[in-house]
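Letter by letter, the chains look like this.
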Amino acid sequence: MARSYNFSAGPAMLPTAVIERAQQEMLEWGDSGMSVMEMSHRGKDYMSIAQSAEANLREVMGIPDNYKVLFLQGGASSQFAMVPMNLLQGKSGADYLNTGMWSKKAVAEAKRYCDVNVAADTSEGGFCSVPTQESLKLNADAAYVHYTPNETIGGVEFDYVPETGDVPLVADMSSTILSRPMDVSKYGVIYAGAQKNIGPAGLTIAIVREDLIGNAMENTPVMFNYETHAKSDSMYNTPPTYSWYMAGLVFEWIKEQGGLAAMGEINQRKANKIYELIDSSDFYGNPVDKNGRSWMNVPFTLADAELDGAFLAGAAERGLVTLKGHRSVGGMRASIYNAMPESGVDTLVEFMKEFEQQNG
Ligand SMILES: *Cc1c(COP(=O)(O)O)cnc(C)c1O
């Protein structure tokens, strides 16, 4: 058996220890006589799995008591609609910061429900920067401000949390949640698809401040109403039970690593190793402003795109896989979420140096 260093942007690597634990528990969880996959979501065994996952997430992220944690389906993409449906609360518009492909999709979906004020837009520079706080054209009457702290495709990450006064801040944290410590109380809603830094695909987590629940638009589908899930502890219908269980194992693993402070240190070190090499070389390039560079997704180009195929083939020989960049950006992208071991980054950096020596 050989596990590759998988640089996929999502679904992404999971910690080997987590998969091994799941393997041990695959046929029978505890002395339940069955696999987690076969359990009723309303039975006592599954309830304990679900509750301890939530408790561990609350502990790891320091989620205050006045926030609900919802375990949903539909991906972050469904949140693009759920956010306006639940948060407009009679207002006509919301502010959106447009900093990349994912913000753009959130904007397009929100336009179906409200007036979107694009309060910042970095598309002209090719989505390679983070707008400054001073440049945000926020509307004091907006229902909320939506932004994407980490743009997974462009590899652009905010180095600050936007200040929005009394207007709730909503963050699509799909590719940066759990990557470092953060202050949940600064946000109205945080949401994330699980498949990048939480667990397997199929689960979407929304962390919602309680006062924002209970005033959804009239025609909101029951399943798109935060209140439905908040009232039923995310058990209104059958939740993605196995993904929820796996996420719980990942939260325990993060605790064992020393929590988000430890994760943050490792993640910053991992990212710096790649950016340092890129900056010290004329062969590799990254177009993102230095203050906006992502710790989680590092896109880079080779001096000659004709060499991309050879680079990918050479990398694969060393077990470094899924490095091909997003089709809209080209080049390479190394996604280095929590589960990517530092040894994977070291192996990548070593290979990049060698490849440059041979082809630069
Ligand atoms: C992956 C991703 C999405 C889409 O997530 P789905 O769960 O596939 O809907 C949205 N936003 C960001 C920032 C992402 O990285």
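Residues numbered from 1 in each chain as written. Predicted model: local features only at pLDDT ≥ 70, side-chain atom pairs only at ≥ 80, totals over all residues. Heavy atoms only, no water.

Side note on the pairing of strand β12 (residues 297–302)
Along β12, 5 of the 6 residues are buried, which leaves the element largely enclosed by surrounding structure. Taken together, the 2 bridges between strand β11 (residues 284–285) and β12 define a ladder with antiparallel strand orientation. Across the sheet, the residue bridging to tyrosine 284 is leucine 302, located in β12. With 4 bridges connecting them, β12 and strand β14 (residues 332–335) associate as antiparallel partners. Counted as the bridge partner of proline 299 is arginine 333 from β14. (Buried < 20%, exposed > 50% of the residue type's maximum accessible area, 1.4 Å probe, protein only. Helix = DSSP H or I, 4+ residues; strand = E, 2+ residues; numbered from the N terminus. Pairing = 2+ DSSP bridges.)

Quick look at the domain arrangement of the protein
The assigned domain composition of the protein is domain 1 (16–256) and domain 2 (258–359). Centre-to-centre separation of domain 1 and domain 2, based on C-alpha positions: 27 Å. Opposite the 26 residues of domain 1 that make contact, domain 2 presents 25 residues. Surface buried jointly by domain 1 and domain 2 totals about 2100 Å² across both partners, of which 57% is contributed by carbon and sulfur atoms. It is Cys128, Ile153 and Arg180 in domain 1 that bury the most area against domain 2; as a group they hold 24% of the surface buried on that side. One can count 0 salt bridges joining domain 1 with domain 2. Our count for the domain 1 to domain 2 interface comes out at 16 residue pairs in polar contact (both at pLDDT 80 or more). Of all the secondary structure elements, the ones that give two or more residues to the side of domain 1 that touches domain 2 are α2 (44–61), β7 (156–157) and α6 (241–257). (Domains from an automatic or database assignment. Contact = heavy atoms within 4.5 Å. Buried area = accessible area lost by both parts, 1.4 Å probe. Salt bridge = Lys/Arg side-chain N within 4 Å of Asp/Glu carboxyl O. Polar contact = N/O pair within 3.5 Å; in protein donor to acceptor, adjacent residues only side chain to side chain.)

Some details on the site of the ligand
Taken together, 13 residues surround the ligand, and among them Ser77, Thr152, Asp172, Gln195 and Lys196 come closest. Calculation on the ligand without its partners gives an accessible area of 380 Å², and the protein chains cover 87% of this total. In terms of residue count, the dominant contributor to the shell around the ligand is helix α3 (residues 75–87) (4 residues). A class-by-class count of the residues in the shell around the ligand yields 3 nonpolar, 8 polar and 2 charged. (Near = heavy atom within 4 Å. Areas by Shrake-Rupley, 256 points an atom, 1.4 Å probe, with all protein chains shown as cover. Nonpolar A, V, L, I, M, F, W, Y, C, P; charged D, E, K, R; others polar.)

Description of the sheet that holds β11
Pairing is antiparallel across the open sheet formed by 3 strands, whose spatial order is β11-β12-β14. Each having just a single partner strand, β11 and β14 make up the two edges of the open sheet. Where helix α7 (residues 259–279) meets the sheet, its contacts fall on β11, β12 and β14, and the angle it forms with β12 comes to roughly 20 degrees. (Axes fitted to C-alpha atoms, helices over the stretch in contact; angles between N-to-C directions.)

Looking at the environment of methionine 47
Relative to the helices and strands, methionine 47 resides in helix α2. On the basis of relative accessibility, which here comes to 30%, the residue methionine 47 falls in the partly exposed class. On a C-alpha basis, the gap between methionine 47 and methionine 235 in space is 9.7 Å, while along the polypeptide they are 188 residues apart. With residues near it in sequence (within four places) discarded, methionine 47 still touches His41, Arg42 and Met235.

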